[in-house]
Amino acid sequence: MPSQTSTSFRTALVALVLCMIITTTIPLPKANGADNAPTVAGPLTEIERKAFLAELEPLQARLAELRRVPAMSLDRWADAQLFVKAVTWALDFGPINDAKHRQLVQNGLRRSKERVDALAGGQHPWCEKLGRSVRGYVSSIDDSVQPYGLILPAGYDRTKPLRLDVVLHGSTNATGVGELMFVTNFDGGDTGIAGAPEQNFIELHPMGRLGENAYRYEGETDVDEAIEAVCRDYAIDRSRIVLRGSSLGGVGTWQLGLKRPDRYVALGPSAGPVDTIEFANSPWKHFVRLDPLTPWQKTTLHLVDAIDYTANAGMVPVVAAMGDQDPYYSSHTLIEQAFAKEGIPFVGLVDRGAGHGLTPKIMEEQLRLIGEYAAKGRDPFPKQLRFVTWSLKFSRCHWIELLGLEQHYQRAEITARMNDDGSISVAEPQNITKFAIHPPAVTAAAATITVGDVKISLPANPAGTIRSLVIAKHQGTWRYQGVLGETPMIGKRPQLQGPLDDAFSRKFLCVRGTGTPWNPAASAWAEAQLKRFTSEWRRHDHGDLPIKADTEVTEEDVRSSNLILFGDPGSNPWISKVLPHLPIRWTHDTLELGNQIHSASDHGVQLIHPNPLPGAVDRYVVLNSGHTYHDSELRFSYMVFPRLGDWAILKLGDNPTNAPASQVSELVLDSGFFDEDWIISERP
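Residues numbered from 1 in each chain as written. Predicted model: local features only at pLDDT ≥ 70, side-chain atom pairs only at ≥ 80, totals over all residues. Heavy atoms only, no water.

A. Expanded view of helix α9 (residues 295–304). For α9, every residue scored as buried is listed here: Trp296, Gln297, Thr300, Leu301, Leu303 and Val304. Looking down the long axis of α9, one finds its buried residues gathered within 155° of arc, a one-sided arrangement. Opposite the buried face of α9, by more than 90 degrees, sit the exposed residues Pro295 and Lys298. (Buried < 20%, exposed > 50% of the residue type's maximum accessible area, 1.4 Å probe, protein only. Helix = DSSP H or I, 4+ residues; strand = E, 2+ residues; numbered from the N terminus. Arc of directions from axis to C-beta.)

Dropping the structure here:
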């Protein structure tokens, strides 16, 4: 009889194999009766569509009523709504061109009704089911339901916290039917234990907003929110959360794990590139090569390229694997060299003769090594830290948090040690102007911190209090500045550091101007931007874009959301309100940014800035921009990186109201970044 450990490996290998696909879709499951169904070619007929909608609409109505029930759990509601949403996206975007896809829709409708009926009766048996199931949560970003796959092992005991493996999938079908395929792939029914693996961990498979967003921005938030959803329902040992994945899932594992090294006990990337340029130059015939990059685009690559964060592998163990015939093998060599440069031993398993996919032997060895780290658990309070970042978006490692940089998108490094006497030693920080020390590093007793060769006395924490202390460089000298949160922070800081795309990692609201525009051409361009963003968000991010008219925005919206304002100071009063506090002059006639002056009649501006309105603490305001990458970039994950900085000036073309959403006529004249104080540097 095989041991539980070996059975666990085999089960985990099956899950890992599902993540190996790079350019194809998630495997299409065999729907009940699909193999015997007659072949149906061509898109849905209008009669078929109406028949499906006739089944779908009452389910949507019942779910709307259930969400208004005061005691209704949003998680349980999402568990039922996810089937309805998946069917809706399939019908809206397709393609549904054969019998198997039609069967998928029919099964989705059946499963929708089963869960809605159970939920209406106060039941949710899927929460007790072992083995494979599909679950959901309501995203804080756009209030959409996002699904995830879950695998509970046989013998799971709710009273004992268990290891959690977060498994990121490879490239998937980004069409509308892709979400239904993802959901069906993990749907093991709502009862029974068939297929429950004999393993000592739970598996979470985030959808990551599907498609090719490479687990960036809202894709990264999806991973975080899915983890929290599982932790709400099951006993998870947070010191033993593993992150692993293959192909695009390997890309995600490298970047999420190295940029936030204090979140995981171990990383297991397989067959995943680590550098955008190397990724784009891989010898796949269907790849589209990158156009020559602008200076600001080269800069933003430091936000996405995992290789720039290699030094953080000293804080989280990595067990990498790749076949030596893999088209991405040069990436494996590249990261191995980066490890050597940082002085960190590299555990990189090479599968001799394997291509873009690993043999069971190598996958089992990778999982065995990861299991050794997971068994020990993550140290919640390492006494010594070394942390590297290029942006305040990735600012924290355990008890050290960076709060200010001299130059953004340049390498910043800090090394700190907690001494036996309670004092803290920090080597001279590189490219850092301010940082915080979080508990438990700050003890109740009076302590000191030495930064470089400067010794600083820290105030004692009163008994029973937990405070984070701020150290800042003032006129070239490191000093104690105060308690984090007791004085307002100004300038760029974590969660308010740009660039434009960062606004869509958290809750946001698009605001359409309804007033009289100053310039018709600029107004038409702003409306075209919003139209394109609405279309792209629904198709690629699988949610409905949050939009309100300017007259509908509330004080709560200002407090809780990043405001994305479309229009000009004439058409949108919210632009008029924030304009005096932004680093731009905008009149009927001119747009002025730094030393640039352009005609307002045929030029547009896009920028991101902390929202200056009362109550908008730690929120952005954005002018006339959704994501800076669009349909053509979202076809390939290596193209998903910020195409603009914190601001851009654009020459406007003709943007007729009846033009397709994908067509926006504009030419980027210039783009760049604000400095630490959100001021644009003068240019020659």
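B. Molecular detail of the packing of aromatic side chains. Applying the stated criterion across every chain, the model contains 22 aromatic pairs. Between phenylalanine 381 and tryptophan 399, the ring centres sit 6.3 Å apart and the planes meet at 65°, which makes this aromatic pair edge-to-face. Residue phenylalanine 381 is located in the loop between α11 (360–376) and β9 (384–389), and its partner tryptophan 399 is located in the loop between β10 (396–397) and β11 (400–405); the two are separated by 18 residues in the primary sequence. Given the relative accessible area of 1%, tryptophan 399 is considered buried. (Phe/Tyr/Trp six-rings, centres within 6.5 Å; stacked < 30°, edge-to-face > 60°.)

C. Region of the structure containing the sheet that holds strand β16 (residues 454–458). Taken in spatial order, the five strands of this open sheet run β9-β12-β13-β15-β16, and their pairing is mixed. Here the strands that pair on one side only, and so sit at the sheet edges, are β9 and β16. This sheet shows a mean twist of 20° between the axes of neighbouring strands, independent of strand direction. In the sheet, β9 pairs with strand β12 (residues 412–418) via six bridges, with the strands oriented antiparallel. Bridge assignment links leucine 385 to a residue of β12, and that residue is alanine 416. (Pairing = 2+ DSSP bridges. Axes fitted to C-alpha atoms, helices over the stretch in contact; angles between N-to-C directions.)

D. Region of interest: the packing of helix α2 (residues 46–67) against helix α3 (residues 74–93). Running from N to C, α2 and α3 cross one another at 155°; their axes reach a closest spacing of 10 Å. On the basis of their axis angle, the class for α2 and α3 is roughly antiparallel. Remark: the crossing between α2 and α3 carries left-handed chirality. Residues Arg49, Phe52, Leu53, Leu56, Leu59, Gln60, Leu63, Leu66 and Arg67 of α2 form the contact with α3, whose own contacting residues are Leu74, Trp77, Ala80, Gln81, Val84, Val87, Thr88, Leu91 and Asp92. (Parallel < 35°, antiparallel > 145°, perpendicular 65-115°, else oblique. Left-handed = near helix turned anticlockwise from the far one by under 90°. Contact = heavy atoms within 4.5 Å.)

E. Region of interest: α2. Between its terminal C-alpha atoms α2 stretches 31 Å, which fits the 32 Å expected from 22 residues at 1.5 Å a residue. Those residues of α2 that fall on the buried side of the exposure criterion are Phe52, Leu56, Leu59, Leu63 and Leu66. For α2, the elements touching its buried residues are α3 and α4 (99–120). (Expected span 1.5 Å × (residues − 1).)

F. How the structure looks around the nonpolar core. Counting residues in hydrophobic clusters, the biggest one holds 69 residues, and the most contacted among them are Leu164, Val166, Ile202, Ile227 and Trp254. Examining the composition of this core, we find that six residues originate from one element, helix α6 (residues 218–233), more than from any other. With residues up to four places along the chain from it excluded, the contact list for isoleucine 227 reads Leu164, Val166, Leu204, Ile241 and Tyr264. Ranked by size, the runner-up nonpolar core spans 53 residues in total, among them Leu509, Phe533, Leu623 and Ile649. (Core = buried A, V, L, I, M, F, W, Y, C linked by side-chain atoms within 4.5 Å.)

G. Quick look at unusual backbone geometry. Between proline 439 and the following residue, proline 440, the backbone shows a cis peptide bond with an omega angle of 5°. That bond from glycine 498 to proline 499 is cis: its omega, 0°, falls within 30 degrees of zero. Within the element layout of this structure, proline 499 appears in the loop between β18 (477–483) and β19 (508–512). One non-glycine residue, alanine 271, lies in positive phi territory at about 50°. Position of alanine 271 relative to the elements: it lies in the loop between β6 (266–270) and α8 (276–280). In this structure alanine 271 comes out as buried when scored by relative accessible area, which is 1%. A positive phi angle is found at histidine 398, which is not glycine, with a value near 55°. Relative to the helices and strands, histidine 398 is located in the loop between β10 and β11. A relative accessible area of 10% means that histidine 398 is categorised as buried.

H. Representation of the sheet that holds strand β24 (residues 596–599). An order of β22-β23-β24 is seen for the three strands of this open sheet, with the pairing classed as antiparallel. The sheet is open, and its two edges are formed by β22 (585–586) and β24, each paired on a single side. In the sheet, strand β23 (residues 590–593) pairs with β24 via four bridges, with the strands oriented antiparallel. Paired with threonine 590 across the two strands is serine 599, which belongs to β24.

I. Geometry of the pairing of β18. As defined by bridge partners, strand β17 (residues 469–474) adjoins β18 across six bridges and the pair is classed as antiparallel. Bridge assignment links leucine 469 to a residue of β18, and that residue is valine 483. In this antiparallel pair of consecutive strands, β17 and β18, the connection spans two residues, and glutamine 475 shows a positive phi of 50°.

J. Broad picture of the confidence of the model for the protein chain. Averaged over every residue, the pLDDT of the protein chain is 92; residues scoring 70 or more account for 93%. Within the model, pLDDT remains below 50 along residues 1–38, and this stretch shows 84 contacts once partners closer than five positions in the same chain are excluded. (pLDDT = per-residue confidence, 0-100.)

K. Structural view of the packing of α2 against α4. One can describe the packing of α2 onto α4 by two numbers: an axis separation of 10 Å at closest approach and a directional angle of 25°. In terms of their interaxial angle, α2 and α4 are classed as roughly parallel. The way α2 lies across α4 gives a crossing that is left-handed. Contact residues: Glu48, Phe52, Glu55, Leu56, Leu59, Arg62, Leu63 and Leu66 in α2; Arg102, Val105, Gln106, Leu109, Ser112, Lys113, Val116, Asp117, Leu119 and Ala120 in α4. Here the contact of α2 with α4 is composed, by residue class, of 10 nonpolar, two polar and six charged. (Nonpolar A, V, L, I, M, F, W, Y, C, P; charged D, E, K, R; others polar.)

L. The arrangement of the pairing of β16 in detail. For strand β15 (residues 447–451) and β16, the ladder comprises five bridges, and the chain directions are antiparallel. Looking at the pairing, valine 451 lines up with valine 454 of β16. Two successive antiparallel strands, β15 and β16, enclose a turn made up of two residues, where glycine 452 displays a positive phi of approximately 65°.

M. View of the side chain of serine 423. Looking at the element boundaries, serine 423 is found in the loop between β12 and β13 (424–426). Within the structure, serine 423 has its side chain in polar contact with the side chain of aspartate 421 (distance 2.6 Å). (Polar contact = N/O pair within 3.5 Å; in protein donor to acceptor, adjacent residues only side chain to side chain.)

N. View of the pattern of salt bridges. Summed over all chains, the structure comprises 46 salt bridges. Among the ionic pairs, aspartate 75 bridges to arginine 232, the shortest N-O distance being 2.8 Å. Placement of aspartate 75 in helix α3 and of arginine 232 in helix α6 is noted, with a sequence separation of 157 residues between them. Assessed through its relative accessible area of 9%, aspartate 75 is described here as buried. The salt bridge partner of glutamate 365 is arginine 368, with a shortest N-O separation of 2.8 Å. Residue glutamate 365 and its partner arginine 368 are both found in helix α11; the two are separated by three residues, about one turn of the helix. The class of glutamate 365 is partly exposed, set by a relative accessible area of 27%. Given a relative accessible area of 33%, arginine 368 falls into the partly exposed group. A single network of salt bridges, built from pairs that share partners, joins Arg110, Arg111, Glu114, Arg115, Asp187 and Asp190. (Salt bridge = Lys/Arg side-chain N within 4 Å of Asp/Glu carboxyl O.)

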